[in-house]
Amino acid sequence: FTPSIAHQITSVKLLLFRVNTVGTLAIDIKAVDANHKPTGSALCSGTLDCSGITTSTSGTLYEITLGVGAPLSASTEYAIVATWITGATPNEINWNRRYQAALYAGGGRLESGNSGVAWTFYTTEDHEFEEWGYVPITLTTNAATAISEFTATFNGAISADGGEVIDYYG
């Protein structure tokens, strides 16, 4: 996926259903290489207990929190990587897909059946997901001036707003 604005990612929502599966899934956010393949250590991670996931093939959105998250850059591609960390064989969680007519232009679907040694890239489908976070702001505060019994002037400035409109009141 490719964020349109720089922000701190804090969670992802994945459209999932299960087939006779219990266990725990790890979700990592990783950088990708020039071939769109995940690379390096996880930027942030979370886990999902799969025992409560629906068995309906239409799936349900499940939110996975990613600790304190990680800063993501605008127009930079990243990967959401799902990996089993516990569970009995056969583990089967299905992450619902979209096909050609409704593809997400900012990424694609890759799959590995051997822990990332080899990958298959699907150009005509992608996964259903949402990524959540916030745009950090930088706020500078200075001492109040013109202080009287009933009024004061508060002094400060927002110097970084991630391109978002910030409303503030004194």
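Residues numbered from 1 in each chain as written. Predicted model: local features only at pLDDT ≥ 70, side-chain atom pairs only at ≥ 80, totals over all residues. Heavy atoms only, no water.

1. Some words on the overall build of the protein chain
Worth spelling out the cut-off: Starting at the N terminus, helices and strands are each numbered in turn, a helix being any DSSP run of H or I of at least four residues and a strand any DSSP run of E of at least two. Burial classes: relative accessible area under 20% of the type maximum marks a residue as buried, over 50% as exposed, and values in between as partly exposed (1.4 Å probe, protein chains only). The contact rule is simple, with two residues in contact once any of their heavy atoms fall within 4.5 Å. Computed with the Shrake-Rupley method and a 1.4 Å probe, the accessible areas treat only the protein chains shown as cover for residues.
Check the secondary structure of the protein chain and you find 0 helices and 13 strands. Listing each helix as α and each strand as β along the protein chain from the N terminus yields β-β-β-β-β-β-β-β-β-β-β-β-β. Put simply, the protein chain has 170 residues, and 28% of those count as buried. Long-range contacts, defined as pairs at least 24 residues apart, comprise 70% of the intrachain contacts of the protein chain with a sequence gap of at least 6. A total of about 10300 Å² of accessible surface is found on the protein chain, and carbon and sulfur atoms cover 53% of it.

2. Regarding the packing of aromatic side chains
Selection rule: Note on ring pairs: Phe, Tyr and Trp rings are taken, using the six-membered ring of Trp, and paired if centres are within 6.5 Å. Classes follow the plane angle, with under 30 degrees stacked, over 60 edge-to-face and the rest tilted. Look at NZ for Lys and CZ for Arg. If either is within 6 Å of the ring centre and within 35 degrees of the ring normal, a charge sits over the ring.
If you walk through the whole model with that rule in mind, you get 2 aromatic pairs. Between phenylalanine 1 and phenylalanine 129, the ring centres sit 5.9 Å apart and the planes meet at 55 degrees, which makes this aromatic pair tilted. Separated by 128 residues along the polypeptide, phenylalanine 1 in the segment before β1 (7–18) and phenylalanine 129 in strand β11 (residues 129–134) bring together distant segments of the chain. Here phenylalanine 129 falls in the partly exposed class, since its relative accessible area comes to 22%. A connected cluster of aromatic rings, assembled from ring pairs, spans Phe1, Tyr78 and Phe129. Over the ring of tyrosine 122 we find arginine 109, and its NZ or CZ is 3.9 Å from the ring centre.

3. Things to note about the side chain of arginine 109
Operational definition: Whenever a nitrogen or oxygen atom comes within 3.5 Å of another N or O atom, the pair is scored as a polar contact, on the condition that within protein one atom can donate a hydrogen and the other can accept it, and that pairs from neighbouring residues in sequence are kept only if both atoms are in side chains.
Relative to the assigned elements, arginine 109 resides in strand β8 (residues 109–111). Engagement of the side chain of arginine 109 in a polar contact is seen with the side chain of glutamate 111, the distance being 2.8 Å. Discounting residues that sit within four places of it in the chain, arginine 109 has contacts with Arg97, Thr120, Phe121, Tyr122, Glu125, Asp126 and His127.

4. Overview of the environment of arginine 97
If you trace the backbone, arginine 97 turns up in strand β7 (residues 97–99). Arginine 97 sits 29 residues away from aspartate 126 along the chain, and the two C-alpha atoms are 5.4 Å apart. Dropping the residues within four chain positions of it, arginine 97 is found in contact with Arg109, Glu125, Asp126, His127 and Glu128.

5. A few points about unusual backbone geometry
Backbone phi values are negative for most residues with the exception of glycine, while trans is the configuration of most peptide bonds. For serine 75, which is not glycine, the phi torsion reads 60 degrees and is therefore positive. The topology assignment puts serine 75 in the loop between β4 (60–72) and β5 (78–87). Of the residues examined, serine 75 reaches a relative accessible area of 63% and is grouped as exposed. With a phi angle near 50 degrees, alanine 146 is a residue other than glycine that sits in the positive phi range. Take alanine 146: it is sitting in the loop between β12 (138–145) and β13 (153–160).

6. Side note on the pattern of salt bridges
Selection rule: Criterion for a salt bridge: a side-chain nitrogen of Lys or Arg within 4 Å of a carboxyl oxygen of Asp or Glu.
Enumeration over the complete set of coordinates arrives at 1 salt bridge. Note that glutamate 111 and arginine 109 form a salt bridge whose closest N and O atoms lie 2.8 Å from each other.

7. Observations regarding the nonpolar core
Quick note on the threshold: Nine residue types can take part in a nonpolar core, namely buried Ala, Val, Leu, Ile, Met, Phe, Trp, Tyr and Cys, and a core is a set of them joined through side-chain atoms within 4.5 Å.
Of all hydrophobic cores here, the largest spans 21 residues; its most connected members are Ile9, Val12 and Ile29. The element that contributes the greatest number of residues to this core is β4, accounting for 5 residues. Those residues within four positions of isoleucine 9 in sequence are excluded, and the remaining contacts are Phe1, Ile29, Cys44, Leu66, Val68, Gly69, Ala70, Leu72, Glu131, Trp132 and Gly133.

8. Topic: the environment of isoleucine 5
Mapped onto the elements of the fold, isoleucine 5 is located in the segment before β1. Take isoleucine 5: its relative accessible area is 32%, and that puts it in the partly exposed class. In sequence terms isoleucine 5 and serine 73 are 68 residues apart; their C-alpha atoms lie 6.9 Å from each other.

9. Brief notes about the environment of isoleucine 158
If you trace the backbone, isoleucine 158 turns up in strand β13. Residue classification places isoleucine 158 among the partly exposed residues on the basis of a relative accessible area of 29%. Taking C-alpha positions, isoleucine 158 is 8.9 Å from threonine 141, a pair spaced 17 residues apart along the chain.

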